[in-house]
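Structural description and commentary
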Amino acid sequence: MAEQLLKVEGLTAGAAGKEILHGIDLEIGRGETHVLMGPNGAGKSTLAGVLMGDPELEITGGTAVFDGEDLLPLAVDARAKKGMFLSFQNPIEVPGISLENFLRTAIEQRTGKRTRVWAFRKEVKALLEHLQMDPGFAERDLNVGFSGGEKKKAEMLQMLLLKPSLAILDETDSGLDVDAVRTVSKGVEEFQKDRSASLLIITHNAAILSALHVDAVHILVDGKIVETGGPELIGRIGREGFAGFEERAEDAG
Amino acid sequence: MSGEKTYVEDVDRAFYDFRNEEKDVYRVRSGLTEEIIREISREKNDPDWMLQFRLRALELFHRIEMPDWGPDISGLDMDNIVTYVRPDTARMHTRWEDVPAEIRDTFERLGIPQSERESLAGVGAQYDSELVYHSVREEVAGQGVVYTDLESALHGEYADMIRQHFMKLVPPTDHKFAALHGAVWSGGSFVYVPPGVTVEIPLQSYFRLNAPGAGQFEHTLIIVDKGAHLHFIEGCSAPKYNVANLHAGCVELFVGEDAVLRYSTIENWSKNMYNLNTKRARVERGGKVEWVSGSFGSHVSYLYPMSILEGRGAGCEFTGVTFAGAGQNLDTGCKIVHNAPETTSYVNTRSISKSGGISTFRSAVVVTPKAEGAKAAVSCQSLMLDDQSRSDTIPAMDIRTSKADVGHEAKIGRIPQEAVYYLMSRGLSEEDAKALIVSGFAENVSKELPLEYAVEMNNLIRIEMKGAIG
C-alpha cells in the first residue's frame, strides 16, 4: 500500500442538528484514486464538505488525519494550502472577479510566491485548450453565467492549476452531456499523470470512470460505508444499482 | 519601492528652509471677515472682479443657513470657520512624526515610498510630481490644450473665458459651502480642450493637489469644446491629510456639443475630514459626461455630482462606489437634470458599509417638460458587511413629461457565506476572500479606471477590509 495521505476514523457529522454521517472510516494512499458511490442522500457530499471544512456542517465525532496533520481543527484555507481540493457540485458565482485573476490569486496563496504573468497565461491557455474551453473564458467573471458544463470544466481547470495532493470531485460529472463528461474525464486523466496526486471521485455514474485508473471503490449508504472493494464494484453497481447495498445498510442499522 | 520613482530628496533644501520661515500665523478671529477675504485676494493677486466676487460670496455665506437634511456636521466649528480657511501654517508644515499613525500605516500598506508619503501627508514637496505635471502640460499644449492652475490662468489669455464660466454652474447662492467656496477658493486646475481635439492621456489633478494646504477649497474648471474628448482624474488613493478638516472644493465641467468628458475621482480624505464638495456638469447637444467616482475617505461626506443635460441627445453616465467604515457617514449619490429631448442618463452605483459605517445613496432624476423621449436608469446596490453597519437608498424622481422612460432598482445584500467558503477552499484567507468579493462588487468602478488606479483602489479595499473579520 502507498504512503498514507488521508485517514478518517469513526467520523460522525451532520447539519442543523441532524446527523448524516454515522461513523465513516476511510483511508486513501498517496497517488491513489478512490471512488465513492452511493444513492442520493447517502451523505456523499456531506463527507466531501466535512473534509474541505464547509462551515454549514457540524462534526460530532471521529478523527481525520491529512498528510500527517489533524485535519478537523484546520481552517478551510489552511486545508487548501496543505493540498486539499474540492471540486464543488455547484460552484458559486462571484461577480466582478475574472477567472484568471481569481486563479492567479489562488495560486499565489497556495505557493506563497508571485506568479509570472506570461508563464501563467501560457499555462492557463494550454489547459483551456485541453479542456476544450474558449480562450476568452479566463476573462469572464468567476462562474457567472457559466453553463453547468462550463462550471465543472472551470473546476477542473482550477484543480489542474493548483495541483493539490488530494482532489475530491463532488459529482463533477452530474448533469453533463456525454461530451462534457468525456472532457472532464480527460481533465482527471491529466491530473492522474502526477503519480503522487490522489483523488476521491464522488459519483453515481460509471461513465466518467470508464477511462480512468481506479484503485478502490467505496459504497456509501445512509451515512455509512457498507462496502469497499476494487474497480469491479463499479460494474456491479452499473448492473444492479444500489438496491442490494441499501438492504444491507438497513440490516446493519 | 523607492526604485519605482525618481526622487531627489536632497536637492533644493532651500525650498524647505524658505517655507519654514514663511510661517505667518494668522490671528484667529471669531468669524470670517471682509478683511480676511481681501487679504486672501491680495495674496492671490486676484483681478478686481474676483475680489468683488469673493466679497459677494462672503455676504451670502453669512446669510445662508447650514444644511439641515443630511449627516450631522455639528462637529464643524462654524464659529471659528476662519481656522479652516486660515489654518495655523506652523501646524500645516507638520513633521512626519505628527502625521496620524493610521495614515502612516496606510501609506506603508499601499507601498508608497517614504519621500512620497511625506509629501502626501503635506510634510514635504513633491518634486517628481511637479516634473510629471510639467511634461504632461507641454505634451498636450502641442494640441492646443490648456492645462494649468486656475490662479495663474486668471491672468492669461483665457482670463475672459474663466470669467464667463467661473461659478456659473455652481453659483455661491447654491448652498452655504458653495458660498464659502466662492469667498475663499484657492488653487485648483483649469483645463480647456479646443474643438475636435482628443486628449489621449488622462490629465491628473493629483499632480497639483499635494502641496501642503492645497486641495481644501480648490476649484476645478474644465471646458471641453465641440467634439473634443478628455479624461480628467482627480485625487489618488493615498489618504490626504490636512490639519484643517474641512474640504469644500468645487468642480465645474462644461461639455460642448458632441464632446465627451470623463471625470474620475478616487477620494480618500483622512478620516477626520468633512468633505462638502460640489461638482456639476453642463452638457450640450450630443455631448456626454461620464463620472467615475470612488469615495473611501472622510468622516462625513456630502457628495452628489450633478449633470445638467441641456442639449438634444446629451448623455450622462455615473458610476460610483462608496465605502463607509468605522466612524464614517458617507452621503453620496448624484443628480441628473434632463432638460432637452432624447437625453439619456445611466447611474450605476455600489455602496459598502462595515464596522458601523453609514453609507447613504441619494439620487435625484429630474425630467423637465422639454425632455421628451428622455431615458433614465438608476441602479444602486449595497453591501453590508456586518450587523452594525447601515446602508440607505434615497432615490427621488421628478418627471414632468409623460414621454420619458425612467427606471430605478435598488438591492441591499450581504456577503454570501458560501462564496467565502468557496474562495477559502482555494487557499484564500477569510479576509482575502471577503476583500476579493468586495473588490468584485466594486468592479463597476474599477473597470472604468486606468489600471494603476484600479490597482490602487483594490489595494485600498484590501486595507479597509483588514480586521473586518469577526
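Remember, predicted model here, so these are calculated numbers, not experimental data.

Parameters and conventions
Residues numbered from 1 in each chain as written. Chains lettered and ligands numbered in written order. Predicted model: local features only at pLDDT ≥ 70, side-chain atom pairs only at ≥ 80, totals over all residues. Heavy atoms only, no water. Contact = heavy atoms within 4.5 Å. Buried area = accessible area lost by both parts, 1.4 Å probe. Salt bridge = Lys/Arg side-chain N within 4 Å of Asp/Glu carboxyl O. Polar contact = N/O pair within 3.5 Å; in protein donor to acceptor, adjacent residues only side chain to side chain. Helix = DSSP H or I, 4+ residues; strand = E, 2+ residues; numbered from the N terminus. Expected span 1.5 Å × (residues − 1). Buried < 20%, exposed > 50% of the residue type's maximum accessible area, 1.4 Å probe, protein only. Arc of directions from axis to C-beta. pLDDT = per-residue confidence, 0-100. Pairing = 2+ DSSP bridges. Axes fitted to C-alpha atoms, helices over the stretch in contact; angles between N-to-C directions.

A look at the interface of chain A and chain B
Facing 30 residues of chain A, the contacting portion of chain B comprises 19 residues. Interface area for chain A against chain B, summed over the two sides, is near 1,900 Å², with a carbon-plus-sulfur share of 69%. By the criterion of area lost to chain B, the three top residues of chain A are A:Asp77, A:Phe88 and A:Ile92, representing 25% of everything that side buries. Applying the counting rule to chain A against chain B returns 1 salt bridge. Where A:Glu155 meets B:Arg426, a salt bridge forms, and the shortest distance between an N and an O atom there is 2.6 Å. Here chain A and chain B share 7 residue pairs in polar contact (both at pLDDT 80 or more) between them. Taken together, the elements giving at least two residues each to the side of chain A that touches chain B come down to helix H1 (44–52), helix H2 (76–82), strand S6 (84–87), helix H3 (99–111) and helix H5 (148–162) of chain A.

Let's talk about helix H4 (residues 117–130) of chain A
Structural remark: α-helix, 3.6 residues per turn; residues separated by three or four positions point the same way. Residues and elements named next belong to chain A. Here H4 spans 20 Å end to end across 14 residues, near enough to the 20 Å set by a 1.5 Å rise per residue. Of all the residues in H4, the buried ones are Phe120, Val124, Leu127 and Leu128. Buried residues in H4, looked at end-on, bunch into an arc of 105°, giving them a common side. For H4, the exposed residues lying more than 90 degrees away from the buried face are Trp118, Lys122, Lys125 and Glu129. Buried residues belonging to H4 abut H3 and H5. Where H4 ends, the next residue or the one after it, glutamine 132, has phi of about 50°, a positive value.

Points about unusual backbone geometry
Phi at A:Gln132 takes a positive value of approximately 50°, unusual for a residue other than glycine. Among the structural elements, A:Gln132 can be located in the loop between H4 and H5. Backbone geometry at B:Asn45 places phi at a positive 60°, although glycine is not the residue there. Overall, B:Asn45 belongs to the exposed group, its relative accessible area being 51%.

Remarks on the confidence of the model for chain B
All names here are of chain B. Chain-level pLDDT for chain B is 83 on average; 78% of the residues reach the 70-or-more range. Considering only residues more than four positions removed or in separate chains, one finds that residues 89–93, a stretch of pLDDT under 50, has 15 contacts. Counted against residues more than four places away or in other chains, residues 207–214, with its pLDDT under 50, gives 26 contacts. Taken together, the chains of this predicted complex give a pTM of 0.84 and an interface ipTM of 0.96.

Regarding the sheet that holds strand S14 (residues 315–324) of chain B
Residues and elements named next belong to chain B. Across the sheet, which stays open at both edges, the 8 strands sit in the order S3-S5-S8-S11-S14-S16-S18-S20 with parallel pairing between neighbours. Edge positions in the sheet fall to strand S3 (203–204) and strand S20 (404–413), since each of these pairs with one other strand and no more. Along the sheet, helix H16 (residues 451–465) makes contact with S3, strand S5 (229–234), strand S8 (260–267) and S14, crossing S14 at roughly 30°.

Brief notes about the sheet that holds strand S9 (residues 216–221) of chain A
Residues and elements named next belong to chain A. With mixed pairing, 6 strands are arranged side by side in an open sheet as S6-S7-S8-S3-S9-S10. Every other strand in the sheet has two partners, leaving S6 and strand S10 (224–229) as the edge strands with one partner each. Within the sheet, the average angular offset between the axes of one strand and its neighbour, ignoring direction, is 20°. Bridge count for strand S3 (residues 33–37) against strand S8 (residues 198–203) is 5 bridges, and the pairing is parallel. When the sheet's bridge partners are listed, leucine 36 is paired in S8 with isoleucine 202. Relative to S6, H1 is tilted by about 145°, and along the sheet it contacts S3, S6, strand S7 (166–170), S8 and S9. Each of S3, S7 and S8 is contacted by helix H6 (residues 178–192), which is oriented at about 160° to S8, the strand it contacts most.

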